[in-house]
Protein chains: 4
Amino acid sequence: MLKVAVVGASGYTGVELLRILVSHPDVEICCVTSRQHECLPISQVFPSLHGFCDLICEPLDVTAISARADLVFTALPHKSAMEVIPDFLTAGCKVVDLSADYRLRDQAVYEQWYQEHTSPDLLAEAVYGLPELYREQVAPARLVANPGCYPTSIILGLAPLLKHGLIDIHTLIADSKSGTSGAGRSAKQGSLFCEVNEGFKAYGVAAHRHTPEIEQELSVLATEGVQLNFTPHLLPVNRGILSTCYATLLEKLSSDELNNLYREFYAGERFIRILPGNDLPNVAYVRGTNFCDIGLVSDQRTGRVIVVSVIDNLVKGAAGQAVQNMNVMCGFQETLGLEIVPAFP
Amino acid sequence: MLKVAVVGASGYTGVELLRILVSHPDVEICCVTSRQHECLPISQVFPSLHGFCDLICEPLDVTAISARADLVFTALPHKSAMEVIPDFLTAGCKVVDLSADYRLRDQAVYEQWYQEHTSPDLLAEAVYGLPELYREQVAPARLVANPGCYPTSIILGLAPLLKHGLIDIHTLIADSKSGTSGAGRSAKQGSLFCEVNEGFKAYGVAAHRHTPEIEQELSVLATEGVQLNFTPHLLPVNRGILSTCYATLLEKLSSDELNNLYREFYAGERFIRILPGNDLPNVAYVRGTNFCDIGLVSDQRTGRVIVVSVIDNLVKGAAGQAVQNMNVMCGFQETLGLEIVPAFP
Amino acid sequence: MLKVAVVGASGYTGVELLRILVSHPDVEICCVTSRQHECLPISQVFPSLHGFCDLICEPLDVTAISARADLVFTALPHKSAMEVIPDFLTAGCKVVDLSADYRLRDQAVYEQWYQEHTSPDLLAEAVYGLPELYREQVAPARLVANPGCYPTSIILGLAPLLKHGLIDIHTLIADSKSGTSGAGRSAKQGSLFCEVNEGFKAYGVAAHRHTPEIEQELSVLATEGVQLNFTPHLLPVNRGILSTCYATLLEKLSSDELNNLYREFYAGERFIRILPGNDLPNVAYVRGTNFCDIGLVSDQRTGRVIVVSVIDNLVKGAAGQAVQNMNVMCGFQETLGLEIVPAFP
Amino acid sequence: MLKVAVVGASGYTGVELLRILVSHPDVEICCVTSRQHECLPISQVFPSLHGFCDLICEPLDVTAISARADLVFTALPHKSAMEVIPDFLTAGCKVVDLSADYRLRDQAVYEQWYQEHTSPDLLAEAVYGLPELYREQVAPARLVANPGCYPTSIILGLAPLLKHGLIDIHTLIADSKSGTSGAGRSAKQGSLFCEVNEGFKAYGVAAHRHTPEIEQELSVLATEGVQLNFTPHLLPVNRGILSTCYATLLEKLSSDELNNLYREFYAGERFIRILPGNDLPNVAYVRGTNFCDIGLVSDQRTGRVIVVSVIDNLVKGAAGQAVQNMNVMCGFQETLGLEIVPAFP
């Protein structure tokens with residue numbers, strides 16, 4: 001049994017990690033931490049966990065945790081994550097970091113969008129944890145930077161087109177819509193029920209911090225520098241991200257040809273489902289699961305391809321992908337604990 | 001492997017049965033039927049099932065199905081269910097019926113609230129499938145009548161009080177609120193998003209068909225005839241029933257005493273969670289699972305006890321309980337396939 | 001033109017007062033206050049008001065405000081309200097107080113449920129502002145205590161029965177469900193979108209502070225001391241309260257007879273709509289308006305009457321009723337500014 | 001008093017027309033029609049109207065209606081509208097048509113996207129009823145084609161840029177999201193609460209019927225043929241459309257410069273609110289009103305402008321704009337009956 005700790009367990013990403021991990025046959029959760037709820041059972045913080053995980057929330061003590069844990073999930077805000085991760089690594093733990101601290105390879109870019117980086121030396125070692133693209137590198141890694149939720153949906157949606165050089169990289173637009181759990185569990189007025197319900201808005205237009213992460217990975221795929229417009233919106237649903245991506249095709253390709261190309265690109269990938277024909281995905285059909293469903297249309301009139309990809313932001317966009325990375329890092333079957341059937345409705 | 005058929009697979013109860021059954025280790029789904037979607041893969045009807053269950057919807061042919069299936073779940077409307085169940089039984093299948101057709105033991109009562117009964121002889125044989133109360137009878141049964149969603153929440157909420165004779169049976173009130181999936185998947189104006197969203201109403205006041213079912217079971221518990229007021233309301237959520245039950249206590253008992261009494265009554269019951277102290281349940285914390293969470297308060301001022309019980313109407317109120325019954329009928333561990341952790345939020 | 005100030009304008013009750021008042025033909029809003037948003041235009045706090053009310057939020061300075069305002073709406077938390085109201089009265093302003101500070105006539109009861117009262121002498125003078133019951137007293141009042149949202153729905157629902165002595169006062173139960181705006185606009189974790197959406201729960205069972213207010217007014221109607229069980233629940237909608245009230249009838253009365261009795265009792269009341277026949281109300285049909293819709297059913301089997309009443313908690317349960325009181329106090333037509341047609345859906 | 005008829009009153013557009021018209025000081029509603037609810041009071045179909053409009057639903061008899069009505073609103077499906085409109089015109093009524101039948105000037109385009117046109121001669125006469133662009137032509141018109149909801153949001157959002165020739169017309173993308181009332185009130189499975197709630201999807205990608213209408217009007221503004229990608233999505237809210245529009249700027253212009261340009265373009269337009277600074281609109285802040293709120297950002301990195309516009313699809317996207325057109329056609333003040341303050345939350 002792999003012993004894992006969930007550091008920062010009282011947020012939505014934390015509880016989702018626990019939901020998945022308690023059903024994982026080869027994992028034992030040995031520790032959960034929460035500053036806010038120290039000494040409370042995590043099942044009192046989240047009654048959903050009652051009877052599944054009744055551990056007491058501990059303070060974040062690296063020495064105490066690393067003495068027990070083989071692998072640590074850090075579900076902390078950026079900056080807080082990099083304050084403890086180097087010590088966990090030194091103590092011999094593997095780390096899957098769900099914050100943004102090790103996702104950007106370029107320290108300067110990180111510091112432009114976030115703040116000073118306190119362990120820049122680890123940036124080169126950290127592996128960007130999108131297994132569909134970096135499985136080989138994730139397997140031996142000590143430190144995996146779990147991708148952002150928006151980036152996961154956009155990168156998986158555009159990878160086949162960029163890898164095959166089929167689109168004009170100067171025409172990329174990603175119009176994304178995220179459920180409200182992406183805003184976290186801290187008490188902010190903007191996240192109140194009455195502020196979000198029956199509302200819809202864009203935010204962070206041309207200024208969202210996920211932009212450099214998306215561009216970094218799209219540039220790797222295109223093997224040249226890619227810039228895009230990324231526009232996030234806030235959806236009045238608990239879970240789910242849908243990204244509608246636009247690009248101009250360099251050659252005429254039908255919807256069917258593109259659909260086939262996507263199927264080949266993602267052949268064997270359990271968590272990518274290319275929808276049949278002209279079907280388009282719905283966040284409702286991946287809820288609670290690690291799937292990324294993709295549909296696409298080639299518009300002959302305008303010469304553009306429109307790719308629509310959906311994920312559950314808390315699963316493939318966070319906790320599920322983190323467990324998928326853990327599976328790869330620890331030599332488990334990649335889908336272990338993640339064969340969850342979506343509950344509809 | 002037990003071979004099961006899901007008859008009437010294209011409703012919300014049907015898809016929920018499939019969601020649970022595809023993860024059940026000792027079950028093989030051999031057949032799904034749908035008149036409306038005949039010849040379509042069920043995973044096209046419900047893309048959530050894509051890759052988990054891609055069976056083609058068949059017509060409802062008892063002979064063809066009973067040749068393959070050991071046990072049949074009938075997720076049909078009342079009246080349609082009793083048109084086929086006798087034949088399934090004759091053909092040697094076990095049946096778990098999710099309709100109302102075999103829940104009422106008294107034919108006259110059935111005919112007063114529904115219509116003529118076409119196989120009244122089976123009413124005596126059918127077992128009311130609430131395993132927490134009727135486990136012994138369910139085990140050897142050929143035909144189990146799966147309880148209604150409202151009745152499940154109310155009967156489980158009141159059983160300890162009635163069994164112990166602690167309340168005045170002339171004072172019973174059950175004020176229940178159900179998510180919209182309880183109204184089914186047929187296209188009715190009253191179930192449209194814009195009619196339900198941001199709305200809330202009572203319906204069927206003093207006239208709902210679940211009333212005689214509730215009274216039948218409460219009367220068994222009380223060993224005398226019980227009448228109650230049952231008031232259903234329509235909640236703008238997909239899943240969940242919360243029942244707030246009121247009764248006058250015959251003797252002074254504190255909340256703590258009652259809480260302990262409930263814990264004893266349901267000791268060892270995996271799917272009943274009595275909340276600690278004065279905690280009150282929330283439908284959000286049982287979503288997608290077979291749990292019934294119960295909280296209660298004794299009001300010293302008025303002498304009443306208020307019991308609040310919640311279930312997921314599609315799981316403990318339908319498909320989950322049906323699988324629980326199947327487990328009992330087939331000698332499987334009762335919780336098999338039902339150890340689902342609630343996803344929150 | 002009556003000059004009015006809205007003290008505490010940045011909550012949901014505050015913005016609702018402004019929404020209604022800007023369309024009132026005989027009112028000029030001369031001042032809005034907000035500690036949190038001091039110096040900001042209120043239309044930046046609430047972009048919905050842009051072009052309708054662009055006043056700058058002021059600090060709460062009684063002298064400065066009373067120099068300009070004829071009437072003050074205090075939309076402050078309890079305790080904060082009674083800290084300023086005596087001074088507004090001394091300065092010659094009329095006051096409609098939306099807090100709980102002057103609703104209870106008995107100082108001891110107030111202090112049992114809230115805290116020490118700092119101007120108990122005003123309790124005798126304050127008029128309980130339910131115009132349908134206290135119109136005569138509201139008209140000449142200096143200080144009107146605007147009723148709570150839950151009490152408004154329950155008192156209006158039960159008044160005809162109690163006034164006519166038709167029910168056993170020992171059998172009263174009010175099971176109420178409120179939209180989330182009732183929890184206010186302050187940033188609390190329990191009011192976050194993801195905590196409320198797709199959830200439903202009871203809270204404050206047998207312990208909610210509106211209980212003594214409800215019992216006070218029901219006792220006046222019954223001319224004897226009434227106790228009841230009041231159970232509030234949190235609905236995942238922005239606006240609306242639905243109260244389902246139960247009581248045992250002292251004599252056999254049909255639904256029709258009771259319906260007629262309600263029509264007579266509320267004859268001429270513009271804001272009370274008794275639904276025809278057995279129709280039951282829906283919060284969706286009073287949204288944004290000052291209406292209280294009532295439906296009822298007499299259950300011959302159990303001898304109980306079930307009354308269902310709905311209001312918009314922010315309008316008839318707060319701001320609308322406050323404006324109605326202002327109209328009565330200032331000799332305007334009672335419906336002025338309140339002839340709002342519900343927007344459906 | 002202008003006498004108006006609402007033909008097709010039992011849909012969401014119909015009830016919204018009635019909501020607005022009953023408060024219009026210079027209008028008398030003389031007739032409502034509904035085939036489905038013939039002989040029922042419209043206030044029984046929509047209890048929200050109780051006490052405001054209790055007219056009986058009539059059959060659609062042109063002779064009977066035109067004998068009483070000066071102006072007719074046709075809130076019928078396309079095809080049904082053009083079956084009666086020529087007769088209403090012949091009978092001397094003015095008509096505001098809320099269907100798509102007279103929006104496209106080119107008969108061939110209409111027939112390509114819809115079906116055969118049965119009164120193509122009227123296409124030249126019909127005026128496209130977007131008063132901000134066609135006020136002069138609307139004033140004397142007999143027949144006004146009320147714009148579609150999506151087109152209204154997109155055309156108003158892009159008009160200043162196209163009129164000033166500031167963007168590359170080959171780069172236009174409109175990513176739109178609409179509330180569910182846009183799907184109408186007919187009972188379709190895809191519009192059920194459980195299908196829409198907690199879901200989000202794109203539909204009609206590169207194939208939606210509003211595309212030619214949008215392109216027609218953008219081409220007029222650009223004075224050359226414009227094609228765009230228009231992608232509609234279904235939002236789980238009752239009301240509201242948000243369109244996120246992308247275009248490449250032909251010259252470098254800052255967000256401030258563009259914001260000023262929009263303010264000038266729409267100076268004096270009561271229903272267009274250009275948000276200050278970098279503020280972005282939210283459908284919640286225009287709910288129930290005739291406003292179109294617009295925010296925009298110039299992205300210096302990519303050279304694109306992102307324009308976000310929001311409307312209430314039932315008001316500025318349908319009934320409100322229809323009343324605005326009526327006001328212009330009948331010489332009333334354009335804002336009469338439309339000075340509605342948004343209710344938030």
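Parameters at a glance
- Residues numbered from 1 in each chain as written.
- Chains lettered and ligands numbered in written order.
- Predicted model: local features only at pLDDT ≥ 70, side-chain atom pairs only at ≥ 80, totals over all residues.
- Heavy atoms only, no water.
- Helix = DSSP H or I, 4+ residues; strand = E, 2+ residues; numbered from the N terminus.
- Rg over C-alpha atoms; globule rule 2.2 N^0.38 Å.
- Buried < 20%, exposed > 50% of the residue type's maximum accessible area, 1.4 Å probe, protein only.
- Contact = heavy atoms within 4.5 Å.
- Areas by Shrake-Rupley, 256 points an atom, 1.4 Å probe, with all protein chains shown as cover.
- Lys, Arg positive; Asp, Glu negative; His and termini not counted.
- Charge placed at Lys NZ, Arg CZ, Asp CG, Glu CD.
- Domains from an automatic or database assignment.
- Buried area = accessible area lost by both parts, 1.4 Å probe.
- Salt bridge = Lys/Arg side-chain N within 4 Å of Asp/Glu carboxyl O.
- Polar contact = N/O pair within 3.5 Å; in protein donor to acceptor, adjacent residues only side chain to side chain.
- Nonpolar A, V, L, I, M, F, W, Y, C, P; charged D, E, K, R; others polar.
- Core = buried A, V, L, I, M, F, W, Y, C linked by side-chain atoms within 4.5 Å.
- Phe/Tyr/Trp six-rings, centres within 6.5 Å; stacked < 30°, edge-to-face > 60°.
- Lys NZ or Arg CZ within 6 Å of the ring centre and 35° of its normal.
- pLDDT = per-residue confidence, 0-100.
- Least-squares fit on C-alpha atoms with pLDDT ≥ 70 in both.
- Axes fitted to C-alpha atoms, helices over the stretch in contact; angles between N-to-C directions.
- Parallel < 35°, antiparallel > 145°, perpendicular 65-115°, else oblique.

For chain A, the count of helices and strands is 11 helices and 14 strands. Radius of gyration (C-alpha) of chain A: 20 Å, near the 20 Å computed for a compact globule of 345 residues. Along the three orthogonal principal directions, the C-alpha set of chain A runs to about 60 × 45 × 40 Å. Here chain A holds 345 residues, and 67% of them are scored as buried. Of all intrachain contacts in chain A linking residues separated by at least 6 positions in sequence, the fraction that spans at least 24 positions is 70%. When the accessible area of chain A is evaluated, it comes to approximately 10,700 Å², of which 50% is carbon and sulfur surface. Both charge centroids of chain A, one from 25 positive and one from 38 negative side chains, sit 4 Å from each other.

All names here are of chain A. Along its sequence, chain A is carved into domain 1 (2–125) and domain 2 (150–313). Contact with domain 1, which involves 14 residues of that partner, is made by 15 residues of domain 2. Both sides together, the interface formed by domain 1 and domain 2 hides about 1,300 Å², and carbon and sulfur atoms give 48% of it. Across the pair glutamate 217 and arginine 105 runs a salt bridge whose closest N-O atoms are separated by 3.1 Å. Run the count over domain 1 and domain 2 and you get 8 residue pairs in polar contact (both at pLDDT 80 or more). If you list the elements that add at least two residues to the side of domain 1 that touches domain 2, you get helix H1 (12–21) and helix H5 (107–113). Per-element accounting of the side of domain 1 that touches domain 2 gives the leading share, 3 residues, to H1. For the side of domain 1 that touches domain 2, the class distribution of residues is 7 nonpolar, 3 polar and 4 charged.

For the rest of this paragraph, the subject is the pattern of salt bridges. Under the defined criterion, the tally for this structure stands at 64 salt bridges over all chains. Between B:Asp175 and C:Lys177 there is a salt bridge, with its nearest N and O atoms 3.0 Å apart. Placement of B:Asp175 in strand S8 (residues 173–178) and of C:Lys177 in strand S8 (residues 173–178) is noted, with the two residues assigned to different chains. The exposure classification of B:Asp175 matches that of C:Lys177, with both residues buried. You can call C:Lys177 buried: its relative accessible area is 0%. Each of A:Glu16, A:Arg19, A:Arg239 and A:Asp312 takes part in one network of salt bridges that share partners.

Residue and element names in this part refer to chain C. With respect to the helices and strands, the residue serine 219 is situated in helix H9 (residues 210–222). Among the polar contacts made by the side chain of serine 219, one reaches the main-chain amide nitrogen of valine 226 at a distance of 2.9 Å. If we ignore the near neighbours within four places in the chain, the residues touching serine 219 are Glu224, Gly225 and Val226.

Glancing now at the nonpolar core. Soluble, globular proteins show a tendency: their nonpolar side chains are buried together. Within the largest apolar cluster, 427 residues are counted, with the highest numbers of intra-cluster contacts made by A:Phe73, B:Phe73, C:Phe73 and D:Phe73. When residues no more than four places from it in sequence are discounted, the contact partners of A:Phe73 are A:Val4, A:Ala5, A:Val6, A:Val7, A:Leu17, A:Leu21, A:Val96, A:Leu98, A:Ala322, A:Val323 and A:Met326.

Here we take up the packing of aromatic side chains. Using the criterion set out here, one finds 38 aromatic pairs over all chains in the structure. Considering the side-chain rings of A:Phe265 and A:Tyr266, the 4.9 Å spacing of their centres and the 85 degrees angle between planes classify their relative orientation as edge-to-face. With relative accessibility at 25%, the residue A:Phe265 sits in the partly exposed group. Plain terms: the ring middles of C:Phe344 and D:Phe46 are 6.1 Å apart, the flat faces sit at 50 degrees to each other, and that makes the pair tilted. Of the two residues, C:Phe344 sits in the segment after helix H11 (315–329) while D:Phe46 sits in the loop between helix H2 (42–45) and strand S3 (57–58), which places them in two different chains. Comparing C:Phe344 with D:Phe46, the two get one shared label, buried. Clustering of aromatic rings is evident, with ring pairs tying together A:Tyr12, A:Phe46, B:Tyr285 and B:Phe344. The side chain of A:Arg270 reaches across the aromatic face of B:Phe52, ending 5.0 Å from its centre.

So, on to the interface of chain B and chain C. Taken together, the 49 residues of chain B in the interface contact 49 residues of chain C. Of the roughly 3,900 Å² buried between chain B and chain C on both sides combined, carbon and sulfur atoms contribute 53%. Of all residues in chain B, the largest losses of buried area upon contact with chain C belong to B:Glu198, B:Phe200 and B:Arg301, amounting jointly to 18% of the total for that side. Applying the counting criterion to the chain B and chain C interface returns 4 salt bridges. A salt bridge links C:Arg301 to B:Glu215; the nearest nitrogen and oxygen atoms lie 2.6 Å apart.

Another point: the confidence of the model for chain A. Confidence in the prediction of chain A, expressed as mean pLDDT, is 97, and 100% of residues score 70 or more. Model confidence for the complex: the whole-complex pTM is 0.97, and ipTM, which rates the interface, is 0.97.

Once that is clear, we can look at the relation of the copies chain B and chain C. Superposition of chain B onto chain C requires a rotation of 180 degrees combined with a translation of 0.0 Å along the rotation axis, giving an RMSD of 0.0 Å. Such a combination of turn and shift is consistent with a two-fold rotation axis. Interface overlap between copies is the fraction of interface residues in one copy that are interface residues in the other; for chain B against chain C it reaches 100%, indicating a shared surface.

As a further point, take unusual backbone geometry. Omega for the peptide link from C:Phe344 to C:Pro345 comes to -5 degrees, which places this bond in the cis form. Tracing the backbone through its elements, the reader meets C:Pro345 in the segment after H11. Phi at A:Glu198 is positive, roughly 60 degrees, even though this residue is not glycine. Within the fold, A:Glu198 resides in the loop between helix H8 (193–196) and strand S9 (201–202). On the basis of relative accessible area, A:Glu198 is assigned to the buried category, the value being 3%.

Right, let's talk about the interface of chain A and chain C for a bit. Listed per partner, the contact involves 20 residues of chain A and 20 residues of chain C. Between chain A and chain C, the buried area comes to about 1,800 Å², and carbon and sulfur atoms account for 53% of it. For the pair chain A and chain C, the number of links is 2 salt bridges. As a salt-bridge pair, C:Arg185 and A:Glu195 come within 2.8 Å of each other at their nearest N and O atoms. At the boundary of chain A with chain C, the tally comes to 10 residue pairs in polar contact (both at pLDDT 80 or more). Of the residues assigned to the side of chain A that touches chain C, the class counts are 8 nonpolar, 8 polar and 4 charged.

On to the packing of helix H7 (residues 149–163) of chain A against helix H10 (residues 255–265) of chain A. When two helices pack together, their arrangement is captured by the angle between the axes and the distance separating the axes. All names here are of chain A. It is the contact of H7 with H10, at a shortest axis distance of 10 Å, that shows an interaxial angle of 100 degrees. With respect to H10, the element H7 is oriented roughly perpendicular. Residues Gly157, Leu158, Ala159, Pro160, Leu161 and Lys163 of H7 form the contact with H10, whose own contacting residues are Leu258, Leu261, Tyr262 and Phe265. Tallied by class, the residues present in the contact of H7 with H10 amount to 8 nonpolar, 1 polar and 1 charged.

In screw terms, the move from chain A to chain C is a rotation of 180 degrees and a rise of 0.0 Å along the axis, fitting with an RMSD of 0.0 Å. Most of the interface of chain A is mirrored in chain C: 100% of its interface residues are interface residues there too.

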